[in-house]
Amino acid sequence: MTESKTAPSGDNSAKPSAKPDRGSLLGAGGIWLAKWSACLVVIAAGAVVIGWIIEKMWVVVLPVALAIVVSTILWPPTRFMTKRGVPPAAAAGLTLVMFFAVVGGIIAGIVPSVVSQMPDLANKATEGINTVQEWVKGPPINLRDEQLDNAVHAVVERVQGSAATIAGGVFSGVSTAGSLLVTLALVLVLTFFFIKDGPRFVPWLHRVSGGRAGRHLEEVLVRMWATLGGFIRTQALVSFIDALFIGIGLVILGVPLAPVLAILTFIGGFIPIVGAFVAGALAVLVALVANGFTTALIVLVLIIAVQQIEGNVLQPVLQSRSMNLHAAVVLLAVTAGASLFGIVGAFLSVPVAAVAAVVIRYIGEQIDERANEGEDDETKALPAPGDTSVPDPKPASPAPAASED
């Protein structure tokens, strides 16, 4: 006799499971896609509204952003003095006085050099233009004098036709200069208050936001401050090393305005990738006009060597600890910032990207923590292999409720 292979009538496990209909799967996928599309549209709309608000409030947002960046530089000496018993107001004031002394000393040191070498550099530039004109007249270009005159005449006519636009730009530049002075004054005042009362802000925000939200805000703000401060100080160190070696090379080669070019290299270092390229190109151009092709070539090799050492040695070792952003993200951030807000946007783009990355990483950590908690709960609910004991449905004693901090 053979055993019957038919499962008992009460056993539902032998019944084949009904496969979902193809239309149902397409409908479920379409609903899922529609939900995520709606979420993306809402997020994009929110980003547009936030961008519009920032644009309208730019006169307030810009001083605050610059003051925060400056505060990351001036906070370490202020903290050093406050830990040794100096009142916060006095420590902040002394730090600002030292900052003014350093900046004023640098400006006082380079202005005489600029004034004394600028006429000679202008004459060399004129000679360079004449040399270029003579070169384009010869082979392989072989331009005639009439063609050069026509080109110059076309440029002059274009400039004369744009006289109204140029005049408007001059007047707007005057108003911009006035606005710049107001912005700088506001930045200094805000910086004083930030480094004086900064440690009180996070506890106050924690109390205002409540226990749960305040805990997250405090953690995110502390990480933002650490990342921003690490980026600014590290970038200042890297830029200083670049400016030092390039400046020494320019002085040895006898390139005019070497201190000015070194300072521009230091400032350009705060705009990754783009700033170093612009500062290096300017140094090569000045060397070409003032000292000739051979010196310009040596300057180009020097700048490329220093920047390669920076990009392959200093940046990976130092910046990876403070910012941890891919080079493509940095380049896109600089491009977007420059296109939206000009030079200031290019300067602030990388710190903003680093701060945004901190928020994204923290959200990811919270999601992973919640997901791991769910997995642990499911794992605890499953019996161990070979365990035939029945768990007690009622706990021995109720667990105490977790109190919010």
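Predicted, not measured: the structure shown is a model, and the values here were computed from it.

A. Structural detail: the environment of Val289. On the secondary structure map, Val289 appears in helix H9 (residues 274–291). On the basis of relative accessible area, Val289 is assigned to the partly exposed category, the value being 25%. The spacing of Val289 and Pro256 is 33 residues in sequence and 9.8 Å in space, taken between C-alpha atoms.

B. Summary view of the layout of surface pockets. A volume near 1,600 Å³ is recorded for the second largest pocket. Taken together, 41 residues make up the lining of the second largest pocket; nearest its centre are Ala65, Ile68, Met224, Leu228 and Val355. Among the elements of the structure, helix H1 (22–56), helix H2 (58–83), helix H5 (163–197), helix H6 (201–209), helix H7 (211–253) and helix H11 (327–381) are those that each provide at least two residues to the lining of the second largest pocket. When residues in the lining of the second largest pocket are grouped by element, the largest group, 13 residues, is from H11.

C. Structural detail: the packing of aromatic side chains. Tallied over the entire structure, the rule returns 4 aromatic pairs. Ring geometry for Phe201 versus Trp204: centroids 6.0 Å apart, planes at 40°, classification tilted. Of this pair, Phe201 and Trp204 are both found in helix H6, 3 residues apart, which corresponds to roughly one turn of the helix. Overall, the relative accessible area of 42% leaves Phe201 in the partly exposed class. The exposure class of Trp204 is partly exposed, given its relative accessible area of 44%.

Scoring rules and cut-offs
Residues numbered from 1 in each chain as written. Predicted model: local features only at pLDDT ≥ 70, side-chain atom pairs only at ≥ 80, totals over all residues. Heavy atoms only, no water. Helix = DSSP H or I, 4+ residues; strand = E, 2+ residues; numbered from the N terminus. Buried < 20%, exposed > 50% of the residue type's maximum accessible area, 1.4 Å probe, protein only. 1 Å grid on protein atoms, 1.4 Å probe; cavity = no way out; pocket = protein on both sides within 12 Å on 5 of 7 lines; lining within 4 Å. Points joined across faces, edges and corners; volume = space filled by probe spheres on them. Phe/Tyr/Trp six-rings, centres within 6.5 Å; stacked < 30°, edge-to-face > 60°.

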